[in-house]
Amino acid sequence: MSIENKEAERERILGVDREVPCKVLPGMFPHEIGVLIELPGGQVISGFFDELYASWEGELKKGEGIDGRFGVYTIEEDENTVLIQFTTNPGQHLMPNSPSRARVPKDFLLPKEQVAA
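Report follows, based on the coordinates.

**Quick notes on the overall build of the chain**
Regarding its fold elements, the chain presents one helix and eight strands. The order of α-helices and β-strands along the chain, N terminus first, is α-β-β-β-β-β-β-β-β. For the chain, the proportion of its 117 residues judged to be buried stands at 39%. Counting contacts in the chain only where the partners sit at least 6 residues apart, residues at least 24 apart contribute 59% of the total.

**A short note on the nonpolar core**
Core analysis: the largest hydrophobic core is formed by 24 residues, its most contacted members being Val-20, Ile-37, Leu-39, Phe-70, Ile-84 and Phe-86. Of all the secondary structure elements, the ones that give two or more residues to this core are β1 (18-26), β2 (32-38), β3 (44-50), β4 (54-56), β5 (66-77), β6 (81-85) and β8 (101-105). Tallying contributions element by element places β5 first for this core, with four residues. Once residues lying within four places of it in the same chain are set aside, the contact partners of Phe-70 are Arg-18, Glu-19, Val-20, Cys-22, Val-35, Ile-37, Phe-49, Tyr-53, Ala-54 and Phe-86.

**Re the packing of aromatic side chains**
Overall, the coordinates contain three aromatic pairs when judged by the stated rule. Considering the side-chain rings of Phe-49 and Tyr-53, the 6.2 Å spacing of their centres and the 55° angle between planes classify their relative orientation as tilted. The exposure class assigned to Phe-49 is buried, which follows from its relative accessible area of 3%. Where Tyr-53 meets Phe-70, the ring centres are 6.0 Å apart and the plane angle is 25°; that geometry is what we call stacked. Here Phe-70 lies in strand β5 and Tyr-53 lies in the loop between β3 and β4, a separation of 17 residues in the sequence.

**Some words on the environment of Glu-64**
Positionally, Glu-64 belongs in the loop between β4 and β5. For Glu-64, a relative accessible area of 46% corresponds to the partly exposed category. Separated by 38 residues in sequence, Glu-64 and Pro-26 place their C-alpha atoms 8.4 Å apart. Among all residues touching Glu-64, those that are not within four sequence positions of it are Val-24, Leu-25 and Pro-26.

**Focus on unusual backbone geometry**
Phi at His-31 is positive, roughly 70°, even though this residue is not glycine. Inspection of the secondary structure assignment puts His-31 in the loop between β1 and β2.

**Structural notes on the pattern of salt bridges**
A pair can form between side chains of opposite charge whenever their charged atoms are brought close. Overall, the coordinates contain five salt bridges when judged by the stated rule. Measuring nitrogen to oxygen at the nearest pair gives 3.4 Å for the salt bridge that ties Lys-106 to Glu-77. You can see Lys-106 sitting in the segment after β8 and its partner Glu-77 sitting in strand β5, a full 29 residues away along the chain. Each member of the salt-bridge network shares a partner with another, and the members are Glu-76, Asp-78 and Arg-103.

The rules behind these values
- The residue numbering used here restarts from 1 in each chain and proceeds along that chain's sequence as written.
- A pLDDT threshold of at least 70 governs which residues receive local features in this predicted model, and a stricter bar of 80 or more applies before side-chain atom pairs are shown or counted, although totals over entire chains, interfaces and linings include all residues.
- The basis for every side-chain value is the complete set of heavy atoms in the structure, and neither hydrogens nor water enter the calculation.
- Secondary structure elements are defined from DSSP: runs of H or I of at least 4 residues count as helices, runs of E of at least 2 residues count as strands, and each element is numbered from the N terminus.
- Per-residue accessibility, obtained with a 1.4 Å probe over protein chains only, is compared with the maximum for each type, and a residue is labelled buried under 20%, exposed over 50%, and partly exposed between these values.
- In what follows, a contact means two residues having at least one pair of non-hydrogen atoms within 4.5 Å.
- Here, nonpolar core means buried Ala, Val, Leu, Ile, Met, Phe, Trp, Tyr and Cys residues that are tied together by side-chain atoms lying within 4.5 Å of each other.
- Between 30 and 60 degrees the pair is tilted, below 30 it is stacked and above 60 it is edge-to-face, where a pair is any two Phe, Tyr or Trp rings, Trp via its six-membered ring, whose centres lie within 6.5 Å.
- The salt bridge definition used is simple: a Lys or Arg side-chain nitrogen within 4 Å of an Asp or Glu carboxyl oxygen.

In structure tokens:
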């Protein structure tokens, strides 16, 4: 599925409205992926998710992360920052030290037209 079609499908099914840069790795099960998101300031969010939550180009290989985009929910915005939420849907698992929400600079969010490398 092309990245553009995957983004439209993800928005329709999951309701995510923005994306952040991430590293995508293969998961343990079919249609599961591992995701690493390094937030400004160095905090890392990680977890295992359905592949619909992310977009990337190329083949996933064990032990190698690929640059990608991860869908998030916008909770609130102010002039310079956005409070985003990572999914807490059943079957989607954030690692125990990963918060379900984070406040990030607006420029951390990816524009819709940018395509993962």
